[in-house]
Amino acid sequence: MQHKVTVVGAGNVGATAAQRIVEKEIADVAIVDIIEGVPQGKALDIMESAPVERFDARLSGSNGYEGTAGSDLVVITAGVPRKPGMSRDDLVTINAGIVSDVVRKVLPGSPKAILIVVSNPLDAMCEVARRVSGLPRERVFGMAGILDSARMRWFLADALGVSVESTHAFVLGGHGDTMVPLPRYSTVGGIPVTELLPREKLDAIVKRTRDGGAEIVNLLKTSAWYAPSAAVVEMVDSVLRDKKKILPCAAYLQGEYGMSDVYLGVPVKLGRKGVEQIVEIALTAEEKAALEKSAGAVRELFQILKV
Ligand SMILES: NC(=O)c1ccc[n+]([C@@H]2O[C@H](COP(=O)([O-])OP(=O)(O)OC[C@H]3O[C@@H](n4cnc5c(N)ncnc54)[C@H](O)[C@@H]3O)[C@@H](O)[C@H]2O)c1
């Protein structure tokens, strides 16, 4: 393949993202995990599916970073997932240590890489990766908004009995309880959903979107991976193929939306340089207040960080 991606963490999200990347032949993938045998075993198992699934991209697994050198992009999923009753925020200290360690080890071999952070609490882990790497904001961003929007899109498609392909949804803000789903900017076939569904039904969809992560945790007793890995791969694809898709991602704000020095889910243009533009949309006073509240929650986590 023309491109190379490193996925750190061969758990549920990392391994499934790696599988999707090679199956789509977007890039060759090197997957790294600290558990002996797991990245090697998963890589081998996925490669043994290649003749049947018909892909020629290569996946390799290891416990070290030698095989990751020259990566264009690094996806960081290493960390511990949320358990029932545990908030994303409880994870901050332990995952900050893991993400710092990963960034320090992966960058020397791949100094030009773009970092996509997935580990939770997402916005805080993006900040850890930014501080430790010293990279510009264009090259350090996080996955959350595509997942949250995809959940909302599925709920809308299901409620209206239409193809998911006709839906578009906007979820901004931090990846946590204060995320900001925006029905006003969400459409089905180009028609605002506010014209298609009664207020109570929309409110229920917004609430279910906000609680989407917890709904899965309660069912699976661990956090989701099919939809999260699909969301990661949409970002990887937009960057490596320089598609310049407008996607909601966690980006470091420097004046946009009237805020600075904080990671927040906003629409960005994702291309070969990473975050090529942060798109500002007009918000009502109520929406702006919700976004600021979300930023406040993210900033509280930043204060806990010791990196
Ligand atoms: N941003 C999002 O929307 C989103 C969605 C789902 C999950 N997540 C987060 O992604 C992370 C991974 O979730 P998961 O379900 O795949 O968890 P998982 O437990 O299945 O996998 C995590 C893997 O990371 C590995 N790991 C731990 N420390 C490491 C290190 N120092 N170096 C390399 N690997 C290391 C573990 O051994 C494990 O295999 C969690 O933090 C989870 O909360 C985020």
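Rules used throughout
- Residues numbered from 1 in each chain as written.
- Predicted model: local features only at pLDDT ≥ 70, side-chain atom pairs only at ≥ 80, totals over all residues.
- Heavy atoms only, no water.
- 1 Å grid on protein atoms, 1.4 Å probe; cavity = no way out; pocket = protein on both sides within 12 Å on 5 of 7 lines; lining within 4 Å.
- Points joined across faces, edges and corners; volume = space filled by probe spheres on them.
- Helix = DSSP H or I, 4+ residues; strand = E, 2+ residues; numbered from the N terminus.
- Nonpolar A, V, L, I, M, F, W, Y, C, P; charged D, E, K, R; others polar.
- Expected span 1.5 Å × (residues − 1).
- Contact = heavy atoms within 4.5 Å.
- Core = buried A, V, L, I, M, F, W, Y, C linked by side-chain atoms within 4.5 Å.
- Buried < 20%, exposed > 50% of the residue type's maximum accessible area, 1.4 Å probe, protein only.
- Polar contact = N/O pair within 3.5 Å; in protein donor to acceptor, adjacent residues only side chain to side chain.
- Pairing = 2+ DSSP bridges.
- Near = heavy atom within 4 Å.
- Areas by Shrake-Rupley, 256 points an atom, 1.4 Å probe, with all protein chains shown as cover.

S.K.: Now, about empty space enclosed by the protein: what can you tell me, with residues and values included?
M.R.: Within this structure, the stated rule accounts for 1 cavity of 30 Å³ or more. Each pocket or cavity is described by its volume, and for the largest cavity that value is around 30 Å³. In terms of lining, the largest cavity is formed by Ala 144, Gly 145, Asp 148, Val 171, Leu 172, Gly 173, Gly 174, His 175 and Gly 265. The set of elements that each furnish at least two residues to the lining of the largest cavity consists of α6 (145-160) and β8 (171-172). Among the residues forming the lining of the largest cavity, the class breakdown is 3 nonpolar, 5 polar and 1 charged.

S.K.: So what about helix α7 (residues 199-210)? Which residues, and what values?
M.R.: If you check α7, its first and last C-alpha atoms are 16 Å apart, about what 12 residues at 1.5 Å a residue would give, namely 16 Å. Each element contacted by the buried residues of α7 is listed here: α6, β8, β9 (180-181) and α8 (212-220).

S.K.: Tell me about the nonpolar core, residues and numbers included.
M.R.: Nonpolar side chains tend toward joint burial in soluble globular proteins. By size, the foremost hydrophobic cluster in this structure holds 87 residues, and its most contacted members are Val 5, Leu 73, Val 236 and Leu 270. The greatest single-element share of this core, amounting to 7 residues, is contributed by helix α9 (residues 226-240). Excluding residues that lie within four positions of it along the chain, Val 236 makes contacts with Val 5, Ile 21, Ile 26, Leu 73, Val 75 and Ile 116. Core analysis: the second largest hydrophobic core is formed by 11 residues, Phe 155, Ala 169, Val 188 and Ile 205 among them.

S.K.: Account for the side chain of Asp 237, naming residues and giving values.
M.R.: Residue placement: Asp 237 occurs in helix α9. Polar side-chain contacts of Asp 237 include one of 2.4 Å to the side chain of Arg 241. Residues contacting Asp 237, with those up to four places away along its chain left out, are Ile 26, Asp 242 and Lys 243.

S.K.: Could you give an account of the environment of Ala 15, with specific residues and numbers?
M.R.: Take Ala 15: it is sitting in helix α1 (residues 12-23). When the C-alpha atoms of Ala 15 and Gly 274 are compared, they prove to be 23 Å apart, with 259 residues separating the residues in sequence. In contact with Ala 15, not counting residues within four places along its chain, are Gly 9, Ala 10, Ile 31, Lys 42 and Ile 46.

S.K.: How would you explain the pairing of strand β13 (residues 260-271) if you had to name every residue and give the values?
M.R.: A large share of β13 lies buried, amounting to 9 of its 12 residues. Pairing between strand β12 (residues 245-254) and β13: 10 bridges, direction antiparallel. By the bridge assignment for β13, Gln 254 is matched with Ser 260. As judged from the 4 bridges shared by β13 and strand β14 (residues 274-278), these two strands associate in the antiparallel manner.

S.K.: Describe the site of the ligand, naming the residues involved and giving the relevant values.
M.R.: Looking at the ligand, there are 27 residues lining it, with Asn 12, Val 13, Asp 33, Val 118 and Met 143 nearest. A distance of 3.4 Å is found between an oxygen atom of the ligand and a backbone nitrogen or oxygen belonging to Val 80. In this structure, His 175 approaches the ligand through a side-chain N or O atom, which is 3.0 Å from an oxygen atom. Relative to its free-state accessible area of 860 Å², the ligand is covered by the protein chains to the extent of 90%.

S.K.: Which residues make up the sheet that holds strand β10 (residues 187-188), and what are the values?
M.R.: The strands making up a sheet associate through hydrogen bonds between their backbones, and the pairing can be parallel or antiparallel. Taken together, 3 strands build an open sheet; the order of strands is β7-β10-β11 and the sheet is antiparallel. Both edges of this open sheet fall to β7 (167-168) and β11 (191-192), since each of them pairs with a single strand only. Here β7 runs beside β10; their pairing, made up of 2 bridges, is antiparallel. Within β10, the residue paired with His 168 across the bridge is Thr 187.

In short, shape yes, function no, at least from these values alone.
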